[in-house]
Amino acid sequence: MLSPKMQRTIRINENQVLMLAEKARHDHNYSGYLYKRSSDSNKWQLRWFTLYQNLLFYSEGESSVKPSGVIMLEGCYCERLITTNTNTKNKDADKQFCFAITYRRENQRQYDLKAETEGDCKAWIDVIRQASFNKLLLQKEELEQKHLHLLQIVESEKTAKWQYTQQCEELTSEIKKLRAELCTLKKEWRVVPSRRLEDLPEDSEEIKKIKKVQSFFRGWLCRRRWKQIVEEYIRSPHAESMRKRNRDGEEQD
């Protein structure tokens, strides 16, 4: 029967790890030199680190082919090590520009790393915090929601365009009919030139046709003006950006 220590050991395919390390050399997210605190001697050792997806490889130098180790970043926490006094020459001075990779679980090793400058320290903390597939999934879901919203807008625009086309066709046929009626009225007026509109009764067919034409053109002018207002204030890029800012403000509230 295996001892408890041997039972906790997990076998890892070293060839697969080396293949990922080779990919990291050519297609990495971030790389650079960092000091790593050794777990045995507690000394700082300069190592070349390469970030590939959610794996952080480290080796003795930039030209090293085989990595010395790898740190799995999925589910980790990367935090800055704060010091109260960085001007002293004691142990706290070693923590300047330092940060730690932890997992907040028992029997999990903490990796203490140190950069040479403040900018490198902040940059490494940012890229390590982003190296998580869970965050990528959240971003993917957010993009899918935006894509679905855009599809809905496109479909509604198509429906509105179809309705507007139908209305235009109906109005076109109505205009043709009214033009024909106008031509007929003009011919009738030419036959009786001395007859004035004031002499026509209110319930006569001529007055009804004239009022119908006037009402139609008033409605047509109103719809045309409404279309200009929609295109200028509602569907314009400026109006779209204003609605987007209003939605962002509502979400923040």
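None of the values given here were measured: they were computed from a predicted structure.

*Asks:* Which parts of the structure should I look at to understand the packing of aromatic side chains?
*Replies:* To describe a pair of aromatic rings, one takes the distance between the centres and the angle between the planes. In total, this model carries three aromatic pairs according to the counting rule given. On the numbers, 4.8 Å between centres and 90 degrees between planes, the contact of Tyr-30 with Trp-124 is edge-to-face. A residue pair is termed long-range when its members are at least 10 positions apart, and Tyr-30 in strand S1 (residues 30-37) and Trp-124 in helix H3 (residues 118-130) qualify at 94 residues. With a relative accessible area of 26%, Tyr-30 lands in the partly exposed category. An angle of 70 degrees between the planes, with centres 4.8 Å apart, marks the rings of Tyr-33 and Trp-48 as edge-to-face.

*Asks:* When you look at the sheet that holds S1 in this model, what are you seeing that I'm missing?
*Replies:* Hydrogen bonds between backbone groups are what pair the strands of a sheet, and the pairing can be parallel or antiparallel. In spatial order, the strands read S4-S3-S2-S1-S7-S6-S5; together these seven strands make up an open sheet with antiparallel pairing. With one partner strand each, in any of the chains shown, strand S4 (69-72) and strand S5 (77-80) form the two edges of the open sheet. If you compare each strand with its neighbour and ignore which way they point, the axes differ by 35 degrees on average. Two elements, strand S6 (residues 98-102) and strand S7 (residues 111-114), share four bridges in a ladder whose sense is antiparallel. Residue pairing across strands places Ala-100 opposite Asp-112, the latter belonging to S7. Strand contacts of helix H2 (residues 14-26): strand S2 (44-52), strand S3 (55-59) and S4, with the helix running at about 85 degrees to S3, the strand carrying the most contacts. Against the sheet, H3 contacts S1, S2, S3, S5 and S6, and its axis sits at roughly 160 degrees relative to S5.

*Asks:* Is there a simple way to explain the side chain of Ser-38 in this structure?
*Replies:* Topologically, Ser-38 is positioned in the loop between S1 and S2. Only 3.3 Å separates the side chain of Ser-38 from the backbone nitrogen of Asp-40, close enough to count as a polar contact. Among residues more than four places away in sequence, those in contact with Ser-38 are Lys-43 and Gln-45.

*Asks:* Please explain the pattern of salt bridges as it appears in this structure.
*Replies:* A side chain of one charge can pair with a side chain of the opposite charge when the charged atoms of the two come close. Per the counting criterion, the structure on display carries six salt bridges. A salt bridge links Arg-37 to Asp-112, with the shortest nitrogen-to-oxygen separation between them at 3.3 Å. Taken as a pair, Arg-37 in strand S1 and Asp-112 in strand S7 lie far apart in primary sequence, 75 residues in all. For the pair Arg-37 and Asp-112, a shared accessibility class is recorded, and that class is buried. The salt bridge partner of Glu-118 is Lys-122, with a shortest N-O separation of 4.0 Å.

*Asks:* Would you mind going over unusual backbone geometry with me for this structure?
*Replies:* Among all residues save glycine, negative phi is the norm, and among peptide bonds the norm is trans. In this structure, Gln-53 is a non-glycine residue whose phi angle is positive, near 55 degrees. Within the element layout of this structure, Gln-53 appears in the loop between S2 and S3. Positive phi values are uncommon outside glycine, yet Phe-97 reaches one of about 60 degrees. Locating Phe-97 in the fold gives a position in the loop between S5 and S6.

Parameters and conventions
Residues numbered from 1 in each chain as written. Predicted model: local features only at pLDDT ≥ 70, side-chain atom pairs only at ≥ 80, totals over all residues. Heavy atoms only, no water. Phe/Tyr/Trp six-rings, centres within 6.5 Å; stacked < 30°, edge-to-face > 60°. Helix = DSSP H or I, 4+ residues; strand = E, 2+ residues; numbered from the N terminus. Buried < 20%, exposed > 50% of the residue type's maximum accessible area, 1.4 Å probe, protein only. Pairing = 2+ DSSP bridges. Axes fitted to C-alpha atoms, helices over the stretch in contact; angles between N-to-C directions. Contact = heavy atoms within 4.5 Å. Polar contact = N/O pair within 3.5 Å; in protein donor to acceptor, adjacent residues only side chain to side chain. Salt bridge = Lys/Arg side-chain N within 4 Å of Asp/Glu carboxyl O.

In short, shape yes, function no, at least from these values alone.
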